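# Descriptive structure summary
What follows is the residue order along each chain.
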Amino acid sequence: MLARVRHPIVAAVFALLLTVPWIGVFISYGGYGTVHPGTNIAPVSAVFIAGVSILGAAFLLAWAAETAEKDVPQAFAIAILAVLAVAPEYAVDALYAWQAGAGSTEAANLAVANMTGANRILIGLGWSGIALFSIYRAKRASDPAVEPRSGVLADVVTLDRGISLEIAFLFAATVFAFLIPLSGGIGPLDTVVLVGLYLLYLLMVIRGGVDETEQHVGVPAYFQQYPKIPRALVVLFGFAFSGAIIFTAVHPFAEGLEHMGLQYGIPKFFMIQWLAPLASESPELIVVAYLVNKARTTAGFNALISSKLNQWTLLIGTLAVVYSISAGQVGTLPFDSKQAAEIWITAAQSFFAIAILTNFEISTREALALLGLFVTQVAAEFYIVQAYAEPTATSLSMAILYAYTAVYVVLGVGLVIRRRESVHELLERTVSTARSALMTEPSQPEHAD
């Protein structure tokens, strides 16, 4: 009996059952726009029901991606996982970009605020939190990616050097992001460069070989034993079903959080920048925590870096496309000087985080630095919007943004100079990977099913 309960199918069915309450709510109340105090479903209920369904869908998504690694390069499977996991963030930002195209100046600023908030959360909470969780977990269970070292907070998470391609592309997108505010908006050129970068990255990972160095256990291992066609159907169902659940549930989940926040006097703009992205990033963080808990820390960080890359390229690039379609002509999504400062601090944080990874490690100290800088900046801005009225609040907030931008850049430059040999190795590996991917025929996996 106990063996039957532990069967992988039981775990998969349980994850499916977690999504059933949300499916019922979606059918009964129509999904979007259902969360309003006193009508339809209450905010607290929406947060709980949608949150549980997101948890179940996140596991299904992770299992589908791991199962797919038998037939496609791991980096490509993780890239698909990352896109699906952050799809709700695309939906929220696309909504504001569409409203901006219809003439709403506030919506244009909200689109940028939501995008920058999501990107900073992914690094400030995601990268740092997963690194700290990995190191903490390794004290109780073996994890080959965690290396204990002597000294205060010196333990490190070591990353696979094969991730150099993702780091290099993220660096290129970050450098370009510093230039975006100079034009006063996100326009067609930004779309071409950023989307082009991501498509080039996908081309390279698709042409990579299938990596069979990692042995899977549990649900993925069970489904990988299926013949190729049934296995492919399982993967497609996992991606499609979990993607649909996450896409439809995160918006009401975020709305529920926003309504609860309003009850405690949290400003709308602050919630759009921080609470809504925190909700939309939750599937990604759940998936990565699951991978780390299976001692697949490298795959977890690959997913986080891939998510940052597609948000920092596709998400920004598609905002101008949605804006132009809504406006009925090719145009530039405008934003004010406050949002320009938000983009600069987001790019600076990204630069500092990349500098940390140039030696393919992240230590406890570095993770705490990322977390501390992020938390103190958000806390300082929250205090300002609560304690001061406009325009003083905006002026003080921008001063904080510029100050933290300078700190991130100085720290990043210092690390790059100190680790120049690692940077050189990173660039050499990237060039080698790019040459191998673009100048040879794609690898054809051979599997006997």
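A brief report on the enclosed structure follows. The shown structure was predicted, so the numbers you read here are calculated from the model rather than taken from an experiment.

### Side note on a nonpolar patch on the surface
- On the surface, a nonpolar cluster with roughly 310 Å² of combined accessible area is contributed by I9, V13, L17 and V20.
- For V20, the position within the fold is in helix α2 (residues 8-29).

### Remarks on the packing of helix α8 (residues 188-206) against helix α12 (residues 297-327)
- At their nearest, the axes of α8 and α12 sit 8 Å apart, and the two run at 140° to each other. Read as a crossing pair, α8 and α12 show a hand that is left-handed. Note on element contacts: α12 touches α8 through S306, L309, N310, W312, T313, L314, I316, G317, A320 and V321, opposite T191, L194, V195, L197, Y198 and Y201.

### Topic: helix α14 (residues 364-387)
- In a regular helix each residue adds 1.5 Å, so 24 residues correspond to 34 Å; α14 covers 34 Å between its end C-alpha atoms and thus fits that length.
- Taken together, the buried positions of α14 are occupied by T364, E366, A367, L370, L373, F374, Q377, V378, E381 and I384.

### Remarks on the packing of aromatic side chains
- Inspection of every chain in the model, using the stated rule, returns 10 aromatic pairs.
- Judged by centre distance (6.0 Å) and plane angle (55°), the rings of W22 and F26 are tilted. Taken together, the residues W22 and F26, both in helix α2 and four residues apart, mark about one turn of the helix.
- Given a relative accessible area of 3%, W22 falls into the buried group.
- With 5.7 Å between their ring centres and 45° between their planes, Y198 and Y201 make a pair best called tilted. A residue pair is termed a helical-turn pair when its members lie 3 or 4 positions apart in one helix, as Y198 and Y201 do in helix α8 at three residues. For the pair shown, Y198 and Y201 are each scored as buried.
- One aromatic cluster is present, built from ring pairs that chain together F169, Y198 and Y201.
- One cation-aromatic arrangement involves K308 over W312; the distance from NZ or CZ to the ring centre is 4.3 Å.

### Focus: the nonpolar core
- One finds W127, I180, I186, L333 and I362 to be the most contacted residues of the largest nonpolar core, which totals 83 residues.
- Sort the elements by how many residues they give to this core and α12 lands first, with 13 residues.
- Not counting residues up to four positions away in its chain, the partners in contact with I186 are V112, I180, I316, L319, A320, G331, T332, L333 and F335.
- Membership of the second largest hydrophobic core comes to 31 residues, among which are I49, A58, A65 and A299.

About the criteria used
- Residues numbered from 1 in each chain as written.
- Predicted model: local features only at pLDDT ≥ 70, side-chain atom pairs only at ≥ 80, totals over all residues.
- Heavy atoms only, no water.
- Patch = residues over 30% accessible without salt bridge, like charges linked within 9 Å, V, L, I, M, F, W, Y side chains within 5 Å.
- Areas by Shrake-Rupley, 256 points an atom, 1.4 Å probe, with all protein chains shown as cover.
- Salt bridge = Lys/Arg side-chain N within 4 Å of Asp/Glu carboxyl O.
- Helix = DSSP H or I, 4+ residues; strand = E, 2+ residues; numbered from the N terminus.
- Axes fitted to C-alpha atoms, helices over the stretch in contact; angles between N-to-C directions.
- Left-handed = near helix turned anticlockwise from the far one by under 90°.
- Contact = heavy atoms within 4.5 Å.
- Expected span 1.5 Å × (residues − 1).
- Buried < 20%, exposed > 50% of the residue type's maximum accessible area, 1.4 Å probe, protein only.
- Phe/Tyr/Trp six-rings, centres within 6.5 Å; stacked < 30°, edge-to-face > 60°.
- Lys NZ or Arg CZ within 6 Å of the ring centre and 35° of its normal.
- Core = buried A, V, L, I, M, F, W, Y, C linked by side-chain atoms within 4.5 Å.

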